[in-house]
Structure formats: C-alpha cells, structure tokens
Amino acid sequence: MRQGRTGGNGKVQRRGAGASQAFARAGAALLLTATLFALAGCEDVNWRGTDISDAMPALDFELIDENGQQVDEGDYAGKTTLVYFGFTHCPDVCPTALARLSAAIRELDEPTRDAVRVLFVSVDPERDSPEVLDAYTEAFGPRFIGLTGDKAALDAVTNRYRVSYRLGEPEADGSYDVDHSSAIFAFDSGGDARLLMRDTDPVDSIAADIRRLVEKG
C-alpha cells in the first residue's frame, strides 16, 4: 500500500489576486470556521486547534496523485493525514500555509515526521497537472503529496468537508483567479477527522497538535 514519495523539484508563484479575491477567501475561511465551531461544541483544551471529531466525516476521496495514479484514502492508511485545498498559482495563502506546515513538521523527531502525510488537493486541475503538482510539493518536503481530479471528484470531496472554491473568469492573457478556503483538516491514523487548523496558527502549536495526533494513533 502506497504511503508517500520523494524526488522532484519545485517552484511557485502567480500574478497577484485582487483585493476582492482576498476578501472572498477570508470570508469563506471565517464562515467555515464559524460553522465548525458551532458543530463541534466545546473545544478540547488539550488541543491547540479546533476539535472537529464530532463535526466532520472520516477521510474519503478518489483523486489522482502527482504521479498520475488514482488514489483514495486507503493509500494513506496508518498515517496522520493533513488535508489542505488550494492551487499552485496561489500567490500567498497556499505557499504560506504549506510553509508553516513544513516548518511544524521539521520540529518533530524523525519517527514522528515519518508518520505524517500532507495532502495538497488542487482545485485548479486545468493548470495543476500531476507534473506541476509534483514540482510544487517538492518545495515543501517529501511528506507533501499533490492530489487533484476532475470537477466531479473535486466537488465530491469539497462538499464532504464543506469547503468552498470558485474559479474566476479568464482574463485576456488566459490567467484567472481561484477563491478557496484556507482551513487545514487533520485526520488520525485511522482516517477519522480530529482537528481544524488555521493557516495563521503558530508553528509550535501546529507541531504540538501533529505530535499529539501521532502519539494517539
């Protein structure tokens, strides 16, 4: 059963999104956070993030990985799995969030790091081919894996976790903006939803939650 990969190289960047896109992203993130707080009830004070174990379903998807292979949640069974939705042309939100996750993972000891996978799910399959995703995720480390799929597959997984995204209208040069939520979903080694992390959370808080998730199995 596949557990991860190494290899490749990566770079990122794109034309800056306008203020309206930034406000839309922020609004979507706030709406998602408010919904999850309402569903989750009281937060476990031992977690730094928000406990969503009673609010979100278990990990479940069918997508294409950065090697062009069809994968599902079973390919990452036994790993603490973090899921983030975005796109490689994102100018700031995505690379910042992934860099924070990468920094948090580097704070862990080697056995703990090996028990973690970060699934970067691109909602922009038109531009984010497996090859592009492979180069992009390599910039953040070997435990980061790019996934994408057709609209039906992406809608299935985003609807499952109440994640919003929207592709903007193409401009004259063919470029377009993508609005998306910025939440990080954490699943335990059994695939059950456990935590909502935010892309603004302190690195040490993220590291502490990942460490605890791995320890709890």
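Residues numbered from 1 in each chain as written. Predicted model: local features only at pLDDT ≥ 70, side-chain atom pairs only at ≥ 80, totals over all residues. Heavy atoms only, no water.

Q: Summarise the overall build of the protein chain; cite the residues concerned and give the values.
A: Summing up its helical and strand segments, the protein chain has six helices and 10 strands in all. Among the 217 residues that make up the protein chain, the fraction classed as buried is 53%. Counting every atom, the protein chain has about 9,500 Å² of accessible surface; 52% of that belongs to carbon and sulfur. (Helix = DSSP H or I, 4+ residues; strand = E, 2+ residues; numbered from the N terminus. Buried < 20%, exposed > 50% of the residue type's maximum accessible area, 1.4 Å probe, protein only. Areas by Shrake-Rupley, 256 points an atom, 1.4 Å probe, with all protein chains shown as cover.)

Q: Report on the confidence of the model for the protein chain, specifying residues and quantitative values.
A: Within the protein chain, residue pLDDT values average 84, and 79% of them lie at 70 or more. Low confidence marks residues 1-24, where pLDDT is under 50. Its contacts with residues over four positions away, or in another chain, come to 65 contacts. Low confidence marks residues 36-44, where pLDDT is under 50. Its contacts with residues over four positions away, or in another chain, come to 19 contacts. (pLDDT = per-residue confidence, 0-100. Contact = heavy atoms within 4.5 Å.)

Q: Report on helix α5 (residues 151-160), specifying residues and quantitative values.
A: Those residues of α5 not exposed but buried are Ala 153, Leu 154, Asp 155, Val 157 and Thr 158. Structurally, α5 contributes buried residues whose contacts are with β2 (62-65), β4 (80-86), β5 (116-122), β6 (144-148) and β7 (165-167). Directly beyond the C-terminal end of α5, a positive phi value near 55° is found at Arg 162.

Q: Would you mind going over the packing of helix α2 (residues 93-106) against helix α6 (residues 203-216) in detail, with residue names and values included?
A: It is at 8 Å that the axes of α2 and α6 come closest, and there the two elements cross at 60°. On the basis of the axis angle, α2 is oblique to α6. The handedness of the crossing between α2 and α6 comes out as right-handed. Facing α2, whose interface residues are Arg 100, Leu 101, Ala 103, Ala 104 and Ile 105, α6 presents Val 203, Ile 206, Ala 207 and Ile 210. Residues belonging to the contact of α2 with α6 are distributed by class as follows: eight nonpolar, no polar and one charged. (Axes fitted to C-alpha atoms, helices over the stretch in contact; angles between N-to-C directions. Parallel < 35°, antiparallel > 145°, perpendicular 65-115°, else oblique. Left-handed = near helix turned anticlockwise from the far one by under 90°. Nonpolar A, V, L, I, M, F, W, Y, C, P; charged D, E, K, R; others polar.)

Q: So, the nonpolar core: which residues are in play, and what are the values?
A: Of all hydrophobic cores here, the largest spans 56 residues; its most connected members are Phe 61, Leu 147 and Phe 185. It is α2 that contributes the most residues to this core, seven residues altogether. (Core = buried A, V, L, I, M, F, W, Y, C linked by side-chain atoms within 4.5 Å.)

Q: Would you mind going over the sheet that holds β2 in detail, with residue names and values included?
A: The strand order across the open sheet formed by eight strands is β1-β10-β9-β4-β5-β6-β2-β3, and the pairing between neighbours is mixed. A strand with exactly one partner marks an edge of an open sheet, and here the two such strands are β1 (50-51) and β3 (70-72). Bridge analysis of strand β9 (residues 184-187) against strand β10 (residues 193-197) gives four bridges, and the strand direction is antiparallel. In the sheet register, Ala 186 faces β10, and the bridge partner there is Leu 195. Packed onto the sheet, helix α4 (residues 130-138) meets β2, β5 and β6 and runs at close to 155° relative to β6. On top of the sheet, α6 reaches β4, β5, β9 and β10; it is set at about 175° to β10, its chief contact. (Pairing = 2+ DSSP bridges.)

Q: Explain the pairing of β2 to me, using residue names and the numbers behind them.
A: Remember that side chains alternate between the two faces of the sheet whenever the strand is regular. Two strands pair when backbone bridges link them, and β2 and β3 are joined in this way by three bridges, in the antiparallel orientation. By the bridge assignment for β3, Leu 63 is matched with Val 71. Adjacent in sequence and paired antiparallel, β2 and β3 are bridged by four residues, among which Gly 68 carries a positive phi angle near 80°. Sheet analysis places β2 next to β6, joined by two bridges and oriented antiparallel. Opposite Asp 65, over in β6, you have Leu 147 as the bridge partner.

Q: Hey, could you go over the packing of aromatic side chains for me, with residue numbers and the actual values?
A: Applying the stated rule across the entire model yields eight aromatic pairs. Arranged with centres 6.4 Å apart and planes meeting at 15°, the rings of Tyr 84 and Phe 120 form a pair that is stacked. Here Phe 120 lies in strand β5 and Tyr 84 lies in strand β4, a separation of 36 residues in the sequence. For the pair Tyr 84 and Phe 120, one class covers both residues: buried. Ring pairs connect the aromatic residues Tyr 84, Phe 120, Tyr 136, Phe 140 and Phe 144, which therefore count as one cluster. Positioned above the aromatic ring of Tyr 176, the side-chain terminus of Arg 127 is 3.7 Å from the ring centre. Sitting over the ring of Trp 47, Arg 212 keeps its end group 4.1 Å from the ring centre. (Phe/Tyr/Trp six-rings, centres within 6.5 Å; stacked < 30°, edge-to-face > 60°. Lys NZ or Arg CZ within 6 Å of the ring centre and 35° of its normal.)

Q: Quick one: what's the story with unusual backbone geometry, residue by residue and with numbers?
A: Residues other than glycine seldom take positive phi values, yet Arg 162 does so here, at roughly 55°. Here Arg 162 shows up in the loop between α5 and β7.

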